[in-house]
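# Reading the structure
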Amino acid sequence: MLRLRFMARARTLLNTPALWRAGLSEMNVQASRRAHEVEYAIRDVILKAEELRRKGRKVLYLNIGDPVRYGFDTPPHIKQAVLKAIESGSNYYSPSEGLKELREAVAEKEKKVNGAHIEADNVVITAGISEAILLLMGAIVNPGDEVLMPGPCYQPYLTYTKFFEGKPVTYRTLEERGWSPDIADIQNKITDRTRLIVIINPNNPTGSVYSRSELEKIIELAASHDIPIAADEIYDRIIFEGEFTGVASMARDVPMIGLNGFSKAYLMTGWRLGYLYLQDPTGSLASVWDGIQRLSRVRLCASTPSQVAAVEALRGPQDHIMHMVAKLKERRDFSWKRVNEISGLTASKPAGAFYVFPKIRLMGAMWKNDEEFVSELLKETGVLVVHGSGFDPNYGLDHFRMVFLPDESVLQQAFDAIQDFMKRHT
């Protein structure tokens, strides 16, 4: 009887289409304010590129830092490890904090490469470094809290701080000095609401690598104000000049959380695997670390087969990194030279990662902002880059970011198109 009454009611509704349609037309459910304000410039620009591509236009995608898209293949021993993991049955939910063997391997790597003093219990495996940022900000940011981060910086730091109702505060980096951090500006921007100082080294989007003395000064500021540090070092193995100094090797008495992953140096971008680690000799971050672990349990776990393979990535052959960096250095040199040969553009020489961040010298005269520049460049040439203000509306303004991952023939084509574009507009 209940089913019959339900069917009768349904027929009544379907037989009054005007009333039913009127009811639907009045429904207008809005996205939450948090979701509505989320931006991610690196992928948002793809929407316009896809419109062009659907019209038959060729697009040169130089917006996303994915080396695997540009011929840098995942090393065979890592591929074989994931196949073996799948075939042997490692397809179950792993512990939320990650497989113990992988956490042990991460602790070994961070001690060897970055001088960290951690054990497996100080590591949480995440679905890429972006999720690591989400877990960190979710665990440390309360409404009204401030997070100091470099300007410009990787956009999720800005986005997730705002998502949790905090305030991202960017400290100035000096383009004329290779985008090195302005220590005085960091000091001036510390307030009683500052909860965290973020260091991204090597930096995305500028490719800067902070010197040991610069890191020492930031650590001293953090110590004197009792503020913890977050050190994002995912490009720690992609260095072109000088030596890289891990923050953990210097922050002995300053509580810090490190962020890193497998996408870049190990060419595992689509595998979505990263991690957080805690170095906290004073125990000051015990509550935050507990919060990170709680949040990690809610999202269950990172991919188990990927984790098994990541152990082999860390403990297996590392030769591919040297060969990759050698190729990237050649492409860096070519790209930096070409940018500075184009009238209206200048760029600081990146010392790490695989991005160049040119300044647009004619902004205001030809384009109202860098976003319009990027849009017009795409429309006229098919070259897709990312507007600099997407990485910080203050210190990223009037710039754009492009990757130098493709081989030289593709980069040549892109820079020729950019050069012709600048000639037409200047």
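Our subject is the structure that appears above.
The text that follows walks through the structure, step by step, so that each part is easy to find. (Residues numbered from 1 in each chain as written. Predicted model: local features only at pLDDT ≥ 70, side-chain atom pairs only at ≥ 80, totals over all residues. Heavy atoms only, no water.)

### Details of the overall build of the chain
- The number of helices and strands found in the chain is 16 helices and 15 strands.
- The C-alpha atoms of the chain give a radius of gyration of 24 Å, which matches the 22 Å a tight globule of 426 residues would have.
- Seen through its C-alpha atoms, the chain measures out along the principal axes to roughly 80 × 60 × 50 Å.
- Among the 426 residues that make up the chain, the fraction classed as buried is 55%.
- Considering only contacts in the chain between residues 6 or more positions apart, those separated by 24 or more positions represent 74%.
- Total accessible area computed for the chain in this model is approximately 19700 Å², and 52% of it derives from carbon and sulfur atoms.
- Of the side-chain charges in the chain, 53 are positive and 53 negative, and the distance between the mean point of each set is 7 Å. (Helix = DSSP H or I, 4+ residues; strand = E, 2+ residues; numbered from the N terminus. Rg over C-alpha atoms; globule rule 2.2 N^0.38 Å. Buried < 20%, exposed > 50% of the residue type's maximum accessible area, 1.4 Å probe, protein only. Contact = heavy atoms within 4.5 Å. Areas by Shrake-Rupley, 256 points an atom, 1.4 Å probe, with all protein chains shown as cover. Lys, Arg positive; Asp, Glu negative; His and termini not counted. Charge placed at Lys NZ, Arg CZ, Asp CG, Glu CD.)

### Some points on the side chain of T126
- Tracing the backbone shows T126 in strand β2 (residues 123–126).
- With sequence-adjacent residues up to four places away left out, T126 is seen in contact with E131, A132, L135, R272, L273, G274, Y275, L276, R299 and A302.

### Re the nonpolar core
- If you look at the biggest cluster of nonpolar residues, it comprises 117 residues, and the most contacted ones within it are L102, Y157 and F262.
- Not counting residues up to four positions away in its chain, the partners in contact with F262 are L102, V106, L267, M268, L273, G274, Y275, A310, A313 and L314.
- Residues I46, A49, L52 and V386 belong to the second largest nonpolar core, which totals eleven residues. (Core = buried A, V, L, I, M, F, W, Y, C linked by side-chain atoms within 4.5 Å.)

### Things to note about the packing of helix α6 (residues 76–87) against helix α13 (residues 304–315)
- Interhelical geometry of α6 versus α13 gives an angle of 140° and a closest axis separation of 8 Å. You can see that α6 and α13 cross each other, and the crossing is right-handed. In this structure, α6 contributes H77, I78, A81, V82, A85 and I86 to the contact, and α13 contributes P305, S306, V308, A309, E312 and A313.
- Tallied by class, residues from the contact of α6 with α13 come to nine nonpolar, two polar and one charged. (Axes fitted to C-alpha atoms, helices over the stretch in contact; angles between N-to-C directions. Left-handed = near helix turned anticlockwise from the far one by under 90°. Nonpolar A, V, L, I, M, F, W, Y, C, P; charged D, E, K, R; others polar.)

### Topic: the side chain of S96
- Inspection of the secondary structure assignment puts S96 in the loop between α6 and α7 (100–114).
- Since its relative accessible area comes to 14%, S96 is described here as buried.
- Beyond its immediate stretch of four places on either side in the chain, S96 contacts I125, S296, R297, R299, L300 and C301.

### Structural notes on the sheet that holds strand β15 (residues 400–403)
- Taken together, three strands build an open sheet; the order of strands is β11-β15-β14 and the sheet is antiparallel. Among the strands making up the open sheet, the edge pair consists of β11 (355–356) and β14 (386–387).
- Judged from the two bridges that link them, β14 and β15 form a sheet pairing that is antiparallel. Residue pairing for β15: V386 is matched across the bridge by R401. (Pairing = 2+ DSSP bridges.)

### Observations concerning the sheet that holds strand β9 (residues 274–279)
- With mixed pairing, the eight strands of this open sheet are ordered in space as β2-β9-β8-β7-β6-β3-β4-β5. Both edges of this open sheet fall to β2 and β5 (180–181), since each of them pairs with a single strand only.
- Those strands touched by α7 are β2, β8 (256–261) and β9, and its axis lies near 110° from that of β2.

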